[in-house]
Every structure is written in C-alpha cells, then in structure tokens.
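Fold and contact review
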Amino acid sequence: MKELGKRICIIGPSNSGKSTLAQELGRLLDLPVFHLDRLAHKPYSNWERVPDDEFVRLHDDIAVQDDWIIDGNYSVAMPQRFARADTVIWLDPPLFGCIIRYAMRSLMGARTRPGGLDGAKKEFGLGLVKFTLFNYPRNKKRYKNLLVQFPHLKIYRFNRMIKADRDLV
C-alpha cells in the first residue's frame, strides 16, 4: 500500500464510501485524514456552505502539507489538490447504490459517521439525491478531463464500493 504515496485524494459521487475509505486508509497508512464536507459546510447547520474563498483557503492550507488523505470532490479546489497528490482513488459505483446507502444511513441516524458534519440538523434531503443523479454524471466528465492534466498521478478507479485492506493491498 505504500505505493499509494503520502498524499491521496478520494473522489466520487455522494455516498459512495469516500469518507469511510479515507478513515480506513488513514488508519492503515498512518496518514492524517481530511473530509472536504467538513471544510465546505458550517458546523451545527443544515449543511450550509461556507463561501468558496473561505473553503479554498482552508483546503489549500491542507494541500500544502507533506502528507494527507483528502476525501471529497469540490472541483473549485481540485487543480491544486491534484497538483500535490501522489494518488487519486476514484470511487464510481452505480448511483442507485449510492442513493440506497444515503437513504439507509439517514434512516439509521448515523450521526457519527466518518466525514459527517458536527451538529448537522438534518441528514436526508432530496436535494442531495437530485444532485447525485443529475450533477454527478456531468461532473464525472469534468473530473476525467481534469485528471489527464496531471500525468504524475497514480489513478485507481473502482466501479463498486471497496475496502482498503481488501482492494488496495
């Protein structure tokens, strides 16, 4: 697993397991983990976004560090993240599975999940379902086009949910 490097990005649609994988990899590789959802949203809110300039500043403070695992997309900051990364792990499972995972997680009340927002007032919303089903397919093309601009990256793409110790070892 050391071939993954010490700066790893995990991207993919909402509820594809990015944060869970990041936590698992962080533990296995002894790397600090950063969840972009936590930087991009105000704690103790209903997933209210912080202004992009504030998010990019927080993101860039992490990206310049020597080692990290960063999970999340947020294309506003992808170029600087990809420029510093060694590896991108792209989770790209069927979107229907992501929606089912989201509904189950929300119904089960998983408030302490990896990458969850501290004090989030609400977990489930149809807006995220719509975003996942309609925006992600468009964003997927943008991510693919952006990734080719960084030929130094090792890219691992999975069309299913994965486990670090089973799929990346």
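Read on for a plain summary of the structure.

1. Some thoughts on unusual backbone geometry
A positive phi angle is found at Asn-15, which is not glycine, with a value near 65°. Tracing the backbone shows Asn-15 in the loop between strand S1 (7–11) and helix H1 (18–29). By relative accessible area, Asn-15 is classed as buried at 8%.

2. Brief notes about the packing of aromatic side chains
By the definition in use, this model includes 4 aromatic pairs. Consider the rings of Trp-90 and Tyr-143, whose centres lie 6.4 Å apart with planes at 65°: the pair is edge-to-face. In this pair, Trp-90 sits in strand S4 (residues 87–91) while Tyr-143 sits in helix H6 (residues 126–147), placing the two residues 53 residues apart along the sequence. We classify Trp-90 as buried; its relative accessible area is 2%. Tyr-143 gets classed as buried once you look at its relative accessible area, which sits at 4%. Ring-pair connections join several aromatic residues into one group, and the members of that group are Trp-90, Tyr-136 and Tyr-143. Here the guanidinium or amino end of Arg-49 rests over the ring plane of Phe-55, the centre of that ring lying 5.9 Å away. Against the face of Trp-90 rests Arg-157, its NZ or CZ located 3.9 Å from the ring centre.

3. Thoughts on the pattern of salt bridges
Tallying each qualifying case throughout the model produces 5 salt bridges. Salt-bridge contacts for Arg-7 lead to Asp-86; the nearest nitrogen and oxygen are separated by 3.7 Å. With Arg-7 in strand S1 and Asp-86 in the loop between helix H4 (78–84) and S4, the pair connects residues that are 79 residues apart, well separated along the chain. Here the two residues Arg-7 and Asp-86 agree in accessibility, since each one is buried. Of the charged contacts, one joins Glu-48 and Lys-42 as a salt bridge, the two residues approaching to 3.0 Å between their closest N and O atoms. Of the residues examined, Lys-42 reaches a relative accessible area of 34% and is grouped as partly exposed. Salt bridges sharing partners connect three or more residues here, namely Asp-92, Lys-140 and Arg-157.

4. Description of the nonpolar core
Ile-11, Phe-55, Phe-82, Val-88, Leu-147 and Leu-153 are the most contacted members of the largest nonpolar core, which totals 25 residues. Counting residues per element, the ones that place at least two in this core are S1, helix H2 (36–40), helix H3 (52–63), strand S3 (68–71), H4, S4 and H6. Sequence-distant contacts of Val-88, defined by excluding residues within four places in its chain, comprise Cys-9, Ile-11, Phe-82, Leu-147, Leu-153, Lys-154, Ile-155 and Tyr-156. Within the second largest apolar cluster, 14 residues are counted, among which are Ile-10, Ala-22, Phe-158 and Ile-162.

5. Side note on the pairing of S3
Of the two faces of S3, both are covered, the one formed by Trp-68 and Ile-70 as well as the one formed by Ile-69 and Asp-71. Across 4 bridges, S1 lies against S3 in parallel orientation. Across the sheet, residue Ile-8 finds its bridge partner in S3, namely Ile-69. Judged from the 3 bridges that link them, strand S2 (residues 33–35) and S3 form a sheet pairing that is parallel. Residue pairing in the sheet places Phe-34 in a bridge with Ile-70 of S3.

Each value, and the rule that gives it
- Residues numbered from 1 in each chain as written.
- Predicted model: local features only at pLDDT ≥ 70, side-chain atom pairs only at ≥ 80, totals over all residues.
- Heavy atoms only, no water.
- Helix = DSSP H or I, 4+ residues; strand = E, 2+ residues; numbered from the N terminus.
- Buried < 20%, exposed > 50% of the residue type's maximum accessible area, 1.4 Å probe, protein only.
- Phe/Tyr/Trp six-rings, centres within 6.5 Å; stacked < 30°, edge-to-face > 60°.
- Lys NZ or Arg CZ within 6 Å of the ring centre and 35° of its normal.
- Salt bridge = Lys/Arg side-chain N within 4 Å of Asp/Glu carboxyl O.
- Core = buried A, V, L, I, M, F, W, Y, C linked by side-chain atoms within 4.5 Å.
- Contact = heavy atoms within 4.5 Å.
- Pairing = 2+ DSSP bridges.

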